[in-house]
Amino acid sequence: MEKEKVVFLRGKKTILRPLNKETDLNFCWQWINDQDVIQYISLYLPVSIQDQAEWFDNLIKRKQDIVLGIEIPDKGLIGTISLHKIDWKDRTTEHGVVIGAKDCWSKGYGKDAHMTLLNYVFNTLNLRKINSSFISFNRRSRNYHLTCGYKIEGRRRKQVYRNGKYWDIVIVGLFRKEWITAWKKYQREE
Ligand SMILES: CC(C)(COP(=O)(O)OP(=O)(O)OC[C@H]1O[C@@H](n2cnc3c(N)ncnc32)[C@H](O)[C@@H]1OP(=O)(O)O)[C@@H](O)C(=O)NCCC(=O)NCCS
């Protein structure tokens, strides 16, 4: 018998759900070692299957983080989306996202997962602000943030080394009020 699908949050194109080591380990292990994907994030060393299994085991201990899998119909898991360092006093958090399935880039899945997560951030967790950043060459990530209402707050100049050069890190942040406008617009879209 097929297992019941777990849905934690439902978007228009994606569902977000807790990760499952049993079914998700191999997919995550593949993309975490794919240079095309990790050039955009902070990883650069090879990750063994044991390291990856340990990462899954430690997820449950990370009380200030929420990591969800992004699923699409027919294909299943395509990536992860997360909140880090949730601060219940200042009511802030930091955002992370990776769509590891490269054939799923630029098809609106990231934006949908992001909007769905932001709805949870502001309307369920009652957080006040979400912070994020991206490397200046990552145009897709730039637009992924700006389309949801984030404002650019600054740059860390020549902060990271990628593909033989130093690049700026662009720092962005989003308050509920800024997001609401983007959210209403997104809800009206097909
Ligand atoms: C960044 C990422 C999450 C974006 O998700 P995605 O599903 O590929 O992007 P979407 O199709 O939802 O598009 C989001 C926005 O970027 C725009 N966009 C899509 N592809 C683009 C591209 N190649 N260049 C510039 N903008 C692009 C879209 O038009 C959309 O903006 P809009 O709403 O104003 O039209 C995803 O590509 C990814 O995980 N990349 C690899 C890892 C990474 O970069 N992580 C983020 C680190 S900060």
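Before reading on, note that the structure itself is shown above.
To keep things clear, this report deals only with the structure shown in the data block. (Residues numbered from 1 in each chain as written. Predicted model: local features only at pLDDT ≥ 70, side-chain atom pairs only at ≥ 80, totals over all residues. Heavy atoms only, no water.)

### Things to note about the packing of aromatic side chains
Stage number 1. Inspection of every chain in the model, using the stated rule, returns eight aromatic pairs.
Stage number 2. Between tyrosine 161 and tyrosine 166 the ring centres are 4.9 Å apart and the planes differ by 55°, which places this aromatic pair in the tilted class.
Stage number 3. Looking at tyrosine 166, the relative accessible area reads 51%, which means it is exposed.
Stage number 4. Linked through ring pairs, Tyr40, Trp105, Phe137 and Trp167 together constitute an aromatic cluster.
Stage number 5. A cation over a ring is seen here: lysine 13 above tyrosine 109, with NZ or CZ 5.9 Å from the ring centre. (Phe/Tyr/Trp six-rings, centres within 6.5 Å; stacked < 30°, edge-to-face > 60°. Buried < 20%, exposed > 50% of the residue type's maximum accessible area, 1.4 Å probe, protein only. Lys NZ or Arg CZ within 6 Å of the ring centre and 35° of its normal.)

### A word on the sheet that holds strand E2 (residues 15-18)
Stage number 1. Taken in spatial order, the eight strands make up an open sheet running E1-E2-E3-E4-E5-E6-E8-E7, and their pairing is mixed. Edge positions in the sheet fall to strand E1 (9-10) and strand E7 (151-162), since each of these pairs with one other strand and no more.
Stage number 2. Sheet analysis places strand E6 (residues 129-135) next to strand E8 (residues 165-175), joined by seven bridges and oriented antiparallel. By the bridge assignment for E8, serine 132 is matched with valine 172. (Pairing = 2+ DSSP bridges. Helix = DSSP H or I, 4+ residues; strand = E, 2+ residues; numbered from the N terminus.)

### Looking at the state of the cysteines
Stage number 1. One pass over the full model with this rule turns up zero disulfides.
Stage number 2. Cysteine 104 takes part in no disulfide bond, and the closest cysteine sulfur to it belongs to cysteine 28, at a distance of 14 Å.
Stage number 3. Classification of cysteine 104 as buried rests on a relative accessible area of 4%.
Stage number 4. Left unpaired, cysteine 148 is separated from the closest cysteine sulfur, that of cysteine 104, by 18 Å.
Stage number 5. Take cysteine 148: its relative accessible area is 0%, and that puts it in the buried class. (Disulfide = S-S within 2.5 Å.)

### Comments concerning the pairing of E6
Stage number 1. In terms of residue burial, E6 counts as a mostly covered element, since five of its seven residues are buried.
Stage number 2. Taken together, the three bridges between strand E5 (residues 92-99) and E6 define a ladder with parallel strand orientation. Bridging from a neighbouring strand, glutamate 94 pairs with asparagine 131 of E6.

### Regarding the site of the ligand
Stage number 1. Around the ligand sit 20 residues in total, of which Ile99, Ser106, Gly108, Gly110 and Thr147 are the nearest.
Stage number 2. Here an oxygen atom of the ligand and a backbone polar atom of lysine 107 are 3.2 Å apart.
Stage number 3. Starting from 940 Å² of accessible surface for the ligand in isolation, the protein chains cover 77%.
Stage number 4. Put simply, the parts of the chain that give the shell around the ligand at least two residues each are E5, helix H4 (109-123), E6 and helix H5 (139-146).
Stage number 5. It is H5 that contributes the most residues to the shell around the ligand, five residues altogether.
Stage number 6. Partitioning the shell around the ligand into residue classes produces eight nonpolar, eight polar and four charged. (Near = heavy atom within 4 Å. Polar contact = N/O pair within 3.5 Å; in protein donor to acceptor, adjacent residues only side chain to side chain. Areas by Shrake-Rupley, 256 points an atom, 1.4 Å probe, with all protein chains shown as cover. Nonpolar A, V, L, I, M, F, W, Y, C, P; charged D, E, K, R; others polar.)

### Things to note about the nonpolar core
Stage number 1. Residues Leu16, Ile78, Ile81, Leu117, Leu118 and Ile130 are the most contacted members of the largest nonpolar core, which totals 48 residues.
Stage number 2. No other element matches H4, which puts eight residues into this core. (Core = buried A, V, L, I, M, F, W, Y, C linked by side-chain atoms within 4.5 Å.)

### Focus: the pairing of E2
Stage number 1. Here E1 runs beside E2; their pairing, made up of two bridges, is antiparallel. Its bridge partner lying in E2, leucine 9 is registered against leucine 16.
Stage number 2. Connecting E1 to the next strand, E2, in antiparallel fashion are four residues.

### Here's the deal with the packing of H4 against helix H6 (residues 176-188)
Stage number 1. The N-to-C vectors of H4 and H6 enclose an angle of 135°; their axes lie 11 Å apart at closest approach. When the axes of H4 and H6 are compared, the pair comes out oblique. With respect to the hand of their crossing, H4 and H6 are arranged in left-handed fashion. Between H4 and H6, the contacting residues are Lys111, Asp112, Met115, Leu118, Asn119, Phe122 and Asn123 on the first element and Arg176, Trp179, Ala182, Trp183 and Tyr186 on the second.
Stage number 2. By residue class, the composition of the contact of H4 with H6 is seven nonpolar, two polar and three charged. (Axes fitted to C-alpha atoms, helices over the stretch in contact; angles between N-to-C directions. Parallel < 35°, antiparallel > 145°, perpendicular 65-115°, else oblique. Left-handed = near helix turned anticlockwise from the far one by under 90°. Contact = heavy atoms within 4.5 Å.)

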